[in-house]
Amino acid sequence: MPDSSMMDNRNGMVSKIQSRIRTDSFKSNYDLVGKELGRGKFAVVKKCVEKATGNEHAAKFLRKRRKGEDCRRDIINEIAILESAKANPFVVSLHEVYETTSEIILVLEYAAGGEIFNQCVADNDEAFTEKDVIRLVRQILSGVAYLHRNNVVHLDMKPQNLLLTSSRPLGDIRIVDFGLSRRMDNVKEVREILGTPEYVAPEILNYEPISTATDMWSIGVLAYVMLTGESPFLGEDKQETFLNISQVNVDYSQDVFEGVSNLAVDFIKTLLIKNPRKRATAEECLQHPWLSGPPQPHAGLLPSLEEAESEPESPDSAQELVIMASYTLCSSQSDLKAVRGAFPFDEPFGARSEIQPQIYC
Ligand code: ADP
Ligand code: MG
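Residues numbered from 1 in each chain as written. Chains lettered and ligands numbered in written order. Predicted model: local features only at pLDDT ≥ 70, side-chain atom pairs only at ≥ 80, totals over all residues. Heavy atoms only, no water.

Applicable threshold: UniProt positions are given in the numbering used here, feature names are shortened, and annotations may be inferred rather than shown by experiment.
As named in an unreviewed UniProt entry, the chain is Serine/threonine-protein kinase 17A, taken from Lepisosteus oculatus. Within the UniProt record for the chain, the comment given under Subcellular location (unreviewed entry) is "Nucleus". A UniProt comment under Sequence similarities (unreviewed entry) is attached to the chain, and it reads "Belongs to the protein kinase superfamily. CAMK Ser/Thr protein kinase family. DAP kinase subfamily."

Okay, here's the thing in structure tokens:
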């Protein structure tokens, strides 16, 4: 675990890594194959094959300069967090790191099944069954509980960042994209939150302290989407979505949850709670009767899913949410109470009242 000397000033970023950063040519060691696997605002992910071994990997090419600013330390933080989670099987593993003048390349384990997003929005016969969802949510929670135990908050839990080792037969979860993740050993500040509006917790919209509970909200949204194919807070426009989130306006009707067990609905209700202190933790979720029994890493016996004719696209980056604000980061859900008691909004993070929070969509 990185000690405090490895942390950047109170913003939860880790500045020391163990991986050797290679400066020799990535292309002389890897062949790029196939089309792009995905892309975000500052990264492109491509499939590649290591020439020496023939092994498949996913190479994430991250630009060091973003909007005219040097963002190398954000990438180092992403690497450090991947390193700290390498013992957990449900977090994508990091194989190697390369650096060029303009980019850092993370050579990651290849998750051949793609984003769970595709199956969340698939038609009935290709969509997840509740049994699938139980197994996948357990794996997600096992990965997230590990992160939270190690004081890491992901802050971007959504179906585009949850991949599968295979889609047919349905494989195992790999959590990816630690670009927004932070360590929370002490109270910290986070100044920029990017996310997809639908998955953002009410405390983010209200500029209130962020904690592990912020991830738990997103897991509640995720479980809802995986079980019903519907996004619980999605409105006609972003304003309506934000209003639905801050009012916790959720439809738990039989119409939406047709064929889904009451236990599943009860599970979601323990997470979509406005007060982060009252939300279930990852460990508590794992004890919920809906998820009883040990996690099952293999799905070979589950019914295979038909090949989707055309895979739906992820929401484009125009849908992304960027919030520039000053957040307090708490080391755990239980610390939230103490921190909120100790530091009213203008103390000691005076910047909070000086920085006008802005939401860009
Ligand atoms: P960003 O920070 O730009 O969102 P991500 O790490 O989320 O970058 O990667 C973007 C997309 O690339 C993911 O949503 C996924 O579709 C694909 N991807 C990322 N990592 C892998 C991987 N290890 N294996 C397969 N596909 C991946
Ligand atoms: Mg992503």
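**Observations regarding the pattern of salt bridges**
Heads up, the rule is: In the sections that follow, a salt bridge refers to a side-chain nitrogen of Lys or Arg positioned within 4 Å of a carboxyl oxygen of Asp or Glu. The helix count covers DSSP runs of H or I at least four residues long, the strand count covers runs of E at least two residues long, and both are numbered beginning at the N terminus. Only protein chains enter the area calculation, which uses a 1.4 Å probe; residues under 20% of their type maximum are buried, those over 50% are exposed, and those in between are partly exposed.
This model, assessed by the stated rule, comprises 14 salt bridges. Across the pair Arg-279 and Glu-203 runs a salt bridge, and its minimum N-O distance is 2.8 Å. With a gap of 76 residues between them, Arg-279 in the loop between helix H8 (262-269) and helix H9 (282-286) and Glu-203 in helix H5 (residues 202-205) connect regions that are remote in the sequence. We classify Arg-279 as buried; its relative accessible area is 2%.

**Re the site of ligand 1**
Selection criterion: Residue proximity to a molecule or strand is established when one non-hydrogen atom of the residue lies within 4 Å of it. Counted as a polar contact is a pair of N or O atoms within 3.5 Å, where, for protein atoms, one must be capable of donating a hydrogen and the other of accepting one, and residues adjacent in sequence contribute only when both atoms are in side chains. The Shrake-Rupley method, run with a 1.4 Å probe sphere, supplies the accessible areas, and residue values consider only the shown protein chains as cover. Ten residue types, Ala, Val, Leu, Ile, Met, Phe, Trp, Tyr, Cys and Pro, are classed as nonpolar, four, Asp, Glu, Lys and Arg, as charged, and the remainder, Gly among them, as polar. Per the annotation, domain bounds derive from an automatic or database assignment of domains.
Taken together, 17 residues are adjacent to ligand 1, and Lys-60, Glu-109, Glu-115, Gln-160 and Asp-177 come closest. Lys-60 places a side-chain nitrogen or oxygen 2.8 Å from an oxygen atom of ligand 1. Expressed as a share of its isolated accessible area of 560 Å², the protein-covered part of ligand 1 is 89%. Counting residues per element, the ones that place at least two in the shell around ligand 1 are strand S2 (30-39), strand S3 (43-50), strand S4 (56-63) and strand S8 (103-109). Of the residues belonging to the shell around ligand 1, the class tally is nine nonpolar, four polar and four charged. When residues are assigned to domains, the shell around ligand 1 turns out to be shared by domain 1 (21-109) and domain 2 (114-287), each giving three or more.

**So, the pairing of S2**
Formally: Strand pairing is assigned whenever DSSP detects at least two bridges linking the two strands.
As paired elements, S2 and S3 share six bridges and run antiparallel to each other. Among the inter-strand pairings, Gly-38 is bridged to a residue of S3, identified as Val-45. Taken together, S2 and the strand that follows it, S3, pair antiparallel across an intervening segment of three residues.

**A word on the environment of Ser-25**
Considering the arrangement of structural elements, one finds Ser-25 in the loop between strand S1 (21-22) and helix H1 (26-29). Taking C-alpha positions, Ser-25 is 8.7 Å from Glu-99, a pair spaced 74 residues apart along the chain.

**Looking at the coordination of the magnesium ion (ligand 2)**
Counted only if it meets this: As a rule, N, O and S atoms within 2.8 Å of a metal are its donors, except that Na, K and Ca use 3.2 Å; water is not among the atoms, so sites may look incomplete.
Protein coordination of the magnesium ion (ligand 2) is provided by Asn-161 (OD1) and Asp-177 (OD), with donor distances spanning 2.1 to 2.3 Å. In this pair, Asn-161 is assigned in the loop between strand S10 (152-153) and strand S11 (162-164) and Asp-177 in the loop between strand S12 (173-175) and strand S13 (182-183), connecting sequence segments 16 residues apart.

**Considering the confidence of the model for the chain**
Definition in use: For every residue, the predictor states its confidence as a pLDDT score lying anywhere from 0 to 100. In what follows, a contact means two residues having at least one pair of non-hydrogen atoms within 4.5 Å.
Predicted confidence across the chain gives a mean pLDDT of 83, with 77% of residues reaching 70 or more. Contacts from residues 298-318, a stretch scored under 50 in pLDDT, to residues over four places away or in other chains number 37 contacts. Here residues 339-361 is modelled with pLDDT under 50, and outside its nearest four sequence neighbours on either side it reaches 51 contacts, counting other chains as well.

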